[in-house]
Amino acid sequence: LGLSIVKHIVELHGGRVAVYSDGPGYGASFRLHLPRLEAHDMPAPPVETARPDRPVSAARLLLVEDEMDNARTLQTLLALEGHEVEIAADAETALRLCRKSRYDVVVCDLELRDGPSGHEVARVLSMEGARPYLIAYSGYGQQVDNERTRQAGFDRHLVKPATLVELLSAIEEGLREHRRPSHAGPSPTVTA
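This structure is a prediction, so every number in the text was calculated from the model and none was measured.

Asker: I'd like to hear about the packing of helix α4 (residues 118-127) against helix α5 (residues 143-152), residue by residue, with values.
Answerer: At a minimum axis separation of 8 Å, α4 and α5 run at an interaxial angle of 35 degrees. Residue-level inspection shows His119, Ala122, Arg123 and Ser126 of α4 in contact with α5, the latter providing Arg148, Thr149 and Ala152. Considered class by class, the residues forming the contact of α4 with α5 number 2 nonpolar, 3 polar and 2 charged.

See the structure below:
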């Protein structure tokens, strides 16, 4: 699947992909050929999406992600924004933590390596009392995937890799929609 995606993207840019192998057991070499652009042909760098006008309220978050490098990176980025973030690497841990502590928002990968999927996390939490705002965070982004996450009980579906601005916006939406005070402490006040 990965090679097919790479081939498609490279061809969209006018390039090609070549694969070579000496046979079974010898591995493979992959080469990407992309046309060279002159400086005047290069598009302007993208303008970073502006952050929300007002700061995102501090939230208590649970990040359900089995790729620990990704989880720790996201945890650090969200903590720098003032959020309190815990990580669960599997569905059972996520559900246990949600029963033990109260979270404002749960950001959950759908394909978890061990045990039940993120869909099951959302289904179980949706059946329980005061549930957190549920954000599906997955590489799957087709309409059928969005419908499946909605049916499982997710409030929002973000496709990886979402920008930090998109993730912060979804978290803020969750805090507003549920009108739940944050458990991470009061958010800073700004006076003019």
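Asker: Please give an account of the sheet that holds strand β3 (residues 60-64) that cites residues and values.
Answerer: A sheet is described by the order of its strands in space; here 5 strands give the open sequence β4-β3-β5-β6-β7, paired in parallel fashion. Strands at the two margins of the open sheet, each flanked by one partner only, are β4 (84-88) and β7 (156-159). Neighbouring strand axes in the sheet, compared pairwise and without regard to direction, differ in orientation by 20 degrees on average. As judged from the 4 bridges shared by β3 and strand β5 (residues 105-108), these two strands associate in the parallel manner. Bridged to Leu61 within β5 is Val105. Helix α2 (residues 68-80) contacts β3, β4 and β6 (133-138) of the sheet and is inclined by roughly 170 degrees relative to β4.

Asker: Can you lay out the side chain of Thr149 for me, pointing to particular residues and giving the numbers?
Answerer: Structurally, Thr149 is set in helix α5. Of the polar contacts made by the side chain of Thr149, one reaches the side chain of His157; its length is 3.1 Å. Leave out the neighbours within four places in its chain, and Thr149 touches Leu110, His119, Ala136, Phe154 and His157.

Asker: Now, about the side chain of Arg131: what can you tell me, with residues and values included?
Answerer: Tracing the sequence through the fold places Arg131 in the loop between α4 and β6. According to the relative accessible area criterion, Arg131 is buried, its value standing at 18%. Side chain to side chain, Arg131 and Asp155 meet in a polar contact 2.8 Å long.

Asker: How would you sum up the packing of helix α3 (residues 91-100) against α4? Please name residues and give values.
Answerer: For the pair α3 and α4, interaxial distance at closest approach is 9 Å and the crossing angle is 25 degrees. The pairing of α3 with α4 is recorded here as roughly parallel in orientation. For the crossing formed where α3 meets α4, the hand is right-handed. The residues of α4 that touch α3, namely those facing Ala91, Leu95, Cys98 and Arg99, are Val121, Val124 and Leu125. Taken together, the residues that form the contact of α3 with α4 break down as 6 nonpolar, no polar and 1 charged.

Rules behind the numbers
- Residues numbered from 1 in each chain as written.
- Predicted model: local features only at pLDDT ≥ 70, side-chain atom pairs only at ≥ 80, totals over all residues.
- Heavy atoms only, no water.
- Axes fitted to C-alpha atoms, helices over the stretch in contact; angles between N-to-C directions.
- Helix = DSSP H or I, 4+ residues; strand = E, 2+ residues; numbered from the N terminus.
- Contact = heavy atoms within 4.5 Å.
- Nonpolar A, V, L, I, M, F, W, Y, C, P; charged D, E, K, R; others polar.
- Pairing = 2+ DSSP bridges.
- Polar contact = N/O pair within 3.5 Å; in protein donor to acceptor, adjacent residues only side chain to side chain.
- Buried < 20%, exposed > 50% of the residue type's maximum accessible area, 1.4 Å probe, protein only.
- Parallel < 35°, antiparallel > 145°, perpendicular 65-115°, else oblique.
- Left-handed = near helix turned anticlockwise from the far one by under 90°.

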